[in-house]
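The residues making up each chain are set out below.
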Amino acid sequence: MTEPVKPLSTKVRIAASLPRRYRAEQRFRLYGRAAIVLAISALALLLFSVGAQGFSAFSIYRFNLPLHLDAKLIDPKGTEDPAIIAKGRYRKLIQQALSDAFPDVRSRKDKRQLYALSTGLNSVSLRNRVVEDPSLIGTAIRYTAPLSDDLDLYLKGEITQRHFTNEATPLTIDQGPAKILTLSGSPDTFSAIMDQLRRSRHKAATRLDAQAAKLRENLQTATAEVAKIQTTRIEELATKADTMRKDANAATLTLGANDPSILLGFHKGFIKATEISPHSLSGKVLRPPTSMQDVQNWRVLRLDLPERARRVSDQQAVWAESLLQAGFLKRSFNAVFFTNADSREPELAGIAGAMVGSILTLLATMLAAVPIGILAAIYLEEFAPKNRLTDFIEVNINNLAAVPSIIFGLLGLAVFLNMFHMPRSAPLVGGLVLALMTLPVIIIASRAAIKAVPPSIREAALGVGASKTQTVFDHVLPLAAPGILTGTIIGLARALGETAPLLMIGMVAFIADIPKSLSSPATAMPVQIYLWASSAERSWESRTAAAIIILLLLMIVLNLTAVFLRHKFERRW
Amino acid sequence: MQAKASSAPKVRARNVNVFYGSKQALFDVNLDIPDCSVTSFIGPSGCGKSTFLRCINRMNDTIDICRVEGDIHLDGLDIYARDVDPVILRASVGMVFQKPNPFPKSIYDNVAYGPRIHGLASNTDELDGIVETSLKRAGLWDEVADRLDEPGTGLSGGQQQRLVIARAIAVRPEVILMDEPCSALDPIATAKIEELIDDLRAHYCIIMVTHSMAQAARVSQNTAFFHLGKLVEAGPTEQIFTNPNDTRTQDYITGRFG
C-alpha cells in the first residue's frame with residue numbers, strides 16, 4: 001500500500017526532465033538546419049562563381065565581313081584541281097578583307113596589328129569551305145570566323161570597362177602636324193573629361209602614398225642596408241605622387257602612359273587624346289575621319305586601364321569599335337565551343353573533343369567494370385562460402401576503394417602501356433584504368449543492395465524448388481537492381497570526374513581532333529579543364545569555367561538518371 | 001505389399017539430430033507422419049519444431065552452419081541421400097512460411113513461377129490451367145480472377161497467404177510444410193486458411209507448425225509435441241489433447257508453461 005507514491009514521483013521527475021529534453025531536440029534541429037544552410041550556401045557560392053565566370057564563354061564576337069575569294073590567290077591557272085585549291089593563300093585573303101575594311105592602314109607594324117584581329121588558324125576553315133564548294137572562287141562571301149580572343153574580351157568589357165558618352169556640342173577640326181588633329185569648341189566642352197582625368201590621377205597619387213606608407217612601416221625592422229634602399233624608394237614615390245598631383249591640377253592636361261585612354265569618335269574616325277584643355281582637345285589619329293567639316297555629334301570612349309597594361313592596344317580597340325559600329329562584328333552563340341576540339345587559340349577551342357573522349361572512356365569503363373563488378377558482388381554475397389579467404393577478399397575490396405586514384409593511373413601505365421603495349425592517350429586504356437578504380441565501388445554498392453533483399457524472398461523461391469541460380473537471377477537481382485544501378489551510376493559519375501589516373505596514361509596531351517574510336521588519342525573533360533586552367537591567356541578563364549559548367553551538367557544528368565532508375569525499378573514487398 | 005505401402009507413413013524420421021555450429025537443436029527425433037492428413041507440431045518457442053519442419057524439404061541446407069544427422073525418408077526414399085537433388089525434393093515438398101512472402105510480381109506470375117521453372121506446362125494454355133486450378137484449390141480464384149496481372153503484394157495478408165499456398169500447390173507437391181501459417185493473420189483470415197487446410201488434406205500430406213493449441217486441435221489429425229529439442233510425444237490429436245502420456249505435454253497443453 002506504499003506503492004502509489006512511486007508513480008506520482010516518477011511523473012514529477014519525468015515532467016522535470018521534459019524541458020531539458022525538448023531543448024536538446026530543438027538544439028539538434030537548429031544544428032541540422034544550420035548545417036544544411038551552410039552546405040547550400042557553399043554550393044550556391046560555387047555555382048555562382050563558376051556560372052558568372054563561364055557565362056561569357058557561351059557567346060562570342062564573330063566577323064561578318066565581306067571577303068572576296070580572289071581566284072588569283074586560290075587557283076591562278078583555273079585548274080579546279082582540289083589539291084591546288086587546298087594550297088591557296090587563304091590567310092592572305094583574310095588579311096586583304098581586313099585591309100579593305102581599313103584602307104588607311106599602311107605601315108607594316110600597323111598591318112601586323114590589324115591582322116591580329118583574326119587568328120591565322122581561321123584560314124583552315126576558310127580553305128575547307130572553298131575546297132568543299134569550289135564554285136565560290138571569284139565571288140564575294142561573308143567571312144564569319146570568330147574574332148581574336150583578346151578583342152573578344154575587350155568588347156565584352158572584361159579587359160577594362162568601355163565608358164561611352166555621347167555629346168552633341170559643335171566642334172571645329174584643325175589639322176595639326178602629322179597625324180594630329182585639334183578639336184575646339186565652346187569653353188567647358190571638355191571640362192567633364194578633364195575632371196575625370198584629374199580624379200584618376202589623384203587616385204593614382206593616393207595609391208603611391210599608400211605604397212610609401214607601407215614601406216615606411218617596414219623600415220623599422222629592416223637592416224641598415226635595406227633601409228637605405230627603401231628610403232630612396234620612399235622619396236621617389238613621394239616625388240612621383242607630388243608631380244602627379246601638380247600635373248593633375250594644371251590648366252592643360254597632357255596625357256601620359258599612366259593615364260586612362262580617352263578616345264574621341266566623330267565622322268566615323270577616332271583620335272586618341274594627347275592634350276586636353278577646357279575648350280580644345282588634341283589627339284593622334286587612330287582612324288581618319290571621313291570629312292574635316294565641323295562636328296555636331298561625337299562620342300568619347302574612356303578606357304580606365306592604361307594602354308601599356310593591357311594586351312589590346314588603343315589602335316586595335318578603335319578598329320574593333322569601328323567594325324562593331326559598321327555591323328562587321330556580331331555577338332552570337334559560341335557554337336564553336338561545342339563543335340570543336342581543343343585549339344591553341346581560345347576563340348577556336350571547344351569541348352567536343354574532350355566530351356567525346358569522356359563518353360568513350362566512360363563507355364570502356366562501363367563495359368569493363370559493370371558486368372565484372374555486379375557478378376563479383378553476386379558471387380561473393382550469394383554463393384561464396386564465408387571463410388577466411390572471402391573475409392580477406394572483402395577487406396581488400398574495401399581497401400581498394402580507398403586507394404588514391406593516381407595509383408591506379410600508375411598501375412595502368414605500368415601494366416596496360418608498358419606490359420601490354422596498348423596505345424597511349426587512348427580512351428580504351430583510360431576506361432580500363434577507371435574501371436579498376438570504379439570496380440570496388442560497384443562491388444560494395446551491389447553487395448549492400450543484394451544484402452538488403454529480404455531473405456523471405458529467397459526462401460519463397462527455394463521453397464517452390466528454384467535452384468540457387470534461379471533464385472538469385474529471378475528474384476534477388478531484380479529487387480537489388482535499383483540499389484545496384486544507383487551504386488553503379490555514382491561510381492561512373494566519379495569516374496567521369498576523375499583526372500589524376502588519366503594524366504598518368506597520357507590523356508593529358510594536346511589533341512586537336514575529335515577522337516573517333518576507343519584507341520584514337522583523346523582527352524577527357526576534367527583533364528581538359530585542368531589543361532585550360534593552367535593556360536596563361538585570359539580567355540581560357542571563362543572557357544575553363546564554361547567547361548566546368550558542362551561537366552557539372554553532365555554529372556547532374558547522370559545522377560538524375562540514377563534517381564529516375566531507382567524510382568522506376570523500385571518495388572515494394 | 002500394396003496395402004502395406006498405403007498404410008506406410010509418408011514421412012519417416014529416424015534419429016534426427018540437427019546442429020547449428022556446435023549447438024545441438026534437435027535430439028534423436030523419431031517420427032512417422034501419415035499421408036492425406038494434417039500433422040501439427042506444437043511446443044514452446046525455440047523447441048526445434050520449425051527446425052525439424054525445415055529438415056523435411058532440406059531448407060536447412062541453405063544455412064551454412066547447419067548440419068543434419070539421421071535419416072528422413074519420404075515414401076521410403078532417403079531424402080538426405082547423396083543422389084537426391086534438393087531442387088527436386090522441394091518441388092515435391094512445398095513450403096508456406098510464417099509471413100506471407102509473395103514475389104513482387106503479378107498474381108499470375110507468382111503462381112506460374114514454379115511450373116515455369118520446372119517446365120510443367122508445355123504451352124500457355126496449360127499454364128493458364130495450372131494457375132487457375134491452383135488458385136481455385138487455394139480458394140482465391142473468385143477473389144482475384146479478374147485481376148491476375150496485379151501485383152501479388154497488393155493483396156491483403158490472408159489473401160497473400162492463400163496466394164502463397166496456391167504457389168506451393170502449383171508445382172504439384174505431395175507434402176506441404178506450413179510454418180505458423182496463420183500467426184500473422186487476423187481471426188477471419190485464419191479461419192479461411194484453416195478451412196483451406198482442411199480441404200487440402202484430402203490430397204496432400206500437410207505438416208504444420210503452430211503456436212495455437214486451439215488451431216492444432218481444430219485442424220490436425222495428429223499432433224507432435226516438441227520440448228527443448230526433443231520430441232516428447234506424438235499421436236492422434238485427440239489423444240494428445242485429452243489424455244497425454246507425458247506430464248510435460250499435459251502441462252504445456254493446459255497452459256502451465258510455454
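Everything numeric here is computed off the predicted structure, so don't read it as measured data.

The rules we used
Residues numbered from 1 in each chain as written. Chains lettered and ligands numbered in written order. Predicted model: local features only at pLDDT ≥ 70, side-chain atom pairs only at ≥ 80, totals over all residues. Heavy atoms only, no water. Helix = DSSP H or I, 4+ residues; strand = E, 2+ residues; numbered from the N terminus. Rg over C-alpha atoms; globule rule 2.2 N^0.38 Å. Buried < 20%, exposed > 50% of the residue type's maximum accessible area, 1.4 Å probe, protein only. Contact = heavy atoms within 4.5 Å. Areas by Shrake-Rupley, 256 points an atom, 1.4 Å probe, with all protein chains shown as cover. Lys, Arg positive; Asp, Glu negative; His and termini not counted. Charge placed at Lys NZ, Arg CZ, Asp CG, Glu CD. Buried area = accessible area lost by both parts, 1.4 Å probe. Salt bridge = Lys/Arg side-chain N within 4 Å of Asp/Glu carboxyl O. Polar contact = N/O pair within 3.5 Å; in protein donor to acceptor, adjacent residues only side chain to side chain. Nonpolar A, V, L, I, M, F, W, Y, C, P; charged D, E, K, R; others polar. 1 Å grid on protein atoms, 1.4 Å probe; cavity = no way out; pocket = protein on both sides within 12 Å on 5 of 7 lines; lining within 4 Å. Points joined across faces, edges and corners; volume = space filled by probe spheres on them. Phe/Tyr/Trp six-rings, centres within 6.5 Å; stacked < 30°, edge-to-face > 60°. Lys NZ or Arg CZ within 6 Å of the ring centre and 35° of its normal. Core = buried A, V, L, I, M, F, W, Y, C linked by side-chain atoms within 4.5 Å. Domains from an automatic or database assignment. Patch = residues over 30% accessible without salt bridge, like charges linked within 9 Å, V, L, I, M, F, W, Y side chains within 5 Å. Pairing = 2+ DSSP bridges. Axes fitted to C-alpha atoms, helices over the stretch in contact; angles between N-to-C directions. Parallel < 35°, antiparallel > 145°, perpendicular 65-115°, else oblique. Left-handed = near helix turned anticlockwise from the far one by under 90°.

Scanning chain A from terminus to terminus reveals 20 helices and 12 strands. The C-alpha atoms of chain A give a radius of gyration of 35 Å, which is well past the 25 Å a tight globule of 573 residues would have. When its C-alpha atoms are laid out on the principal axes, chain A stretches across 110 × 90 × 55 Å. In chain A, buried positions account for 44% of the 573 residues. Restricting to contacts in chain A with at least 6 residues of sequence separation, those with at least 24 account for 74%. Just so you have it, chain A exposes about 30,400 Å², and 62% of that area is on carbon and sulfur atoms. Separation of charge centres in chain A, based on 66 positive and 47 negative side chains, amounts to 6 Å.

Taken together, the contacts link 20 residues of chain A with 23 residues of chain B. Of the roughly 1,700 Å² buried between chain A and chain B, counting both surfaces, carbon and sulfur atoms make up 62%. Linking chain A with chain B are one salt bridge. Between A:Glu459 and B:Arg54 there is a salt bridge whose closest N-O contact spans 3.0 Å. In this structure, the connection of chain A to chain B is made through five residue pairs in polar contact (both at pLDDT 80 or more). Elements with a minimum of two residues in the side of chain A that touches chain B: helix H16 (455-463) and helix H17 (468-496) of chain A. Among the elements that take part in the side of chain A that touches chain B, H16(A) stands out by supplying seven residues, more than any other. Looking at the side of chain A that touches chain B residue by residue, the class counts come to eight nonpolar, seven polar and five charged.

Turning to the layout of surface pockets, a few remarks are in order. Any space left empty among the atoms is revealed by the rolling of a water-sized probe across them. Of the pockets and cavities examined, the largest pocket occupies roughly 690 Å³. Lining the largest pocket are 28 residues, with A:Ser200, A:Arg201, A:Ala204, A:Arg207 and A:Asn258 sitting closest to its centre. Each residue belonging to the lining of the largest pocket can be placed in one class, and the counts come to 10 nonpolar, seven polar and 11 charged. There is about 580 Å³ of room inside the second largest pocket. Together, 21 residues line the second largest pocket, and A:Glu382, A:Arg458, A:Lys468, B:Thr62 and B:Ile63 are the ones closest to its centre.

A few words on the packing of aromatic side chains. Summed over the entire model, instances satisfying the criterion amount to 14 aromatic pairs over all chains. Relative to A:Phe338, the ring of A:Phe337 lies with its centre 5.5 Å away and its plane at 90°, an arrangement referred to as edge-to-face. Take A:Phe338: its relative accessible area is 32%, and that puts it in the partly exposed class. Pairwise contacts between aromatic rings join A:Phe58, A:Phe333, A:Phe337, A:Phe338, A:Trp532 and A:Trp540 into one cluster. Taking NZ or CZ as reference, B:Arg67 lies 4.4 Å from the ring centre of B:Phe19, over its face.

All names here are of chain A. Core analysis: the biggest nonpolar cluster contains 43 residues, and Phe63, Leu67, Leu69 and Tyr154 have the highest contact counts within it. Looking at which element gives the most residues to this core, the answer is helix H4 (residues 90-101), with six residues. Two domains share this core, each providing at least three of its residues, namely domain 1 (60-153) and domain 2 (160-309). By size, the runner-up hydrophobic cluster in this structure holds 41 residues, among which are Leu434, Met437, Ala545 and Met555.

Counted by the stated rule, this structure contains 30 salt bridges over all chains. Salt-bridge contacts for A:Arg458 lead to A:Glu382; the nearest nitrogen and oxygen are separated by 2.8 Å. Of the two residues, A:Arg458 is situated in helix H16 and A:Glu382 in helix H12 (residues 352-383); the sequence distance between them amounts to 76 residues. A salt bridge links B:Arg147 to B:Glu150, with the shortest nitrogen-to-oxygen separation between them at 3.8 Å. One continuous salt-bridge network, built from bridges that share partners, spans A:Lys272, A:Glu307, A:Arg310 and A:Asp314.

Okay, a positive patch on the surface next. All names here are of chain A. Together, Arg108, Lys109, Arg112, Lys179 and Lys284 give the surface a local cluster of positive charge. Here the positive patch takes three residues from helix H5 (residues 108-115), the largest share from any one element. Mapped onto the fold, Lys179 is located in the loop between strand E5 (172-175) and strand E6 (180-184). The exposure class assigned to Lys179 is exposed, which follows from its relative accessible area of 52%.

This paragraph deals with the domain arrangement of chain A. When cut into domains, chain A gives domain 1 (60-153), domain 2 (160-309) and domain 3 (350-535 + 546-569). The distance between the C-alpha centroids of domain 1 of chain A and domain 3 of chain A comes to 48 Å.

Once that is clear, we can look at the pairing of E6(A). Across a regular strand the side chains alternate sides, sitting on one face of the sheet and then on the other. All names here are of chain A. When you tally the buried positions in E6, you get four out of five residues, the bulk of the element. As paired strands, E5 and E6 are joined by four bridges and run antiparallel to one another. Bridge pairing in E6 places Thr172 opposite Ser184. Turn length for the E5-E6 hairpin, with the two strands adjacent in sequence and antiparallel, is four residues, and the turn residue Lys179 shows positive phi of about 65°. Bridge count between E6 and strand E10 (residues 280-287): five bridges; the pairing is antiparallel. Bridged to Leu183 within E10 is Leu281.

Residues and elements named next belong to chain B. Remark: helix H4 (residues 107-118) packs on helix H5 (residues 124-137), axes separated minimally by 9 Å, with the N-to-C direction vectors making an angle of 115°. With respect to H5, the element H4 is oriented roughly perpendicular. The way H4 lies across H5 gives a crossing that is right-handed. Between H4 and H5, the residues in contact are Ile107, Tyr108, Val111, Ala112, Pro115 and Arg116 and Thr124, Leu127, Asp128, Ile130, Val131, Ser134 and Leu135, respectively. In the contact of H4 with H5, the residues fall into nine nonpolar, two polar and two charged.

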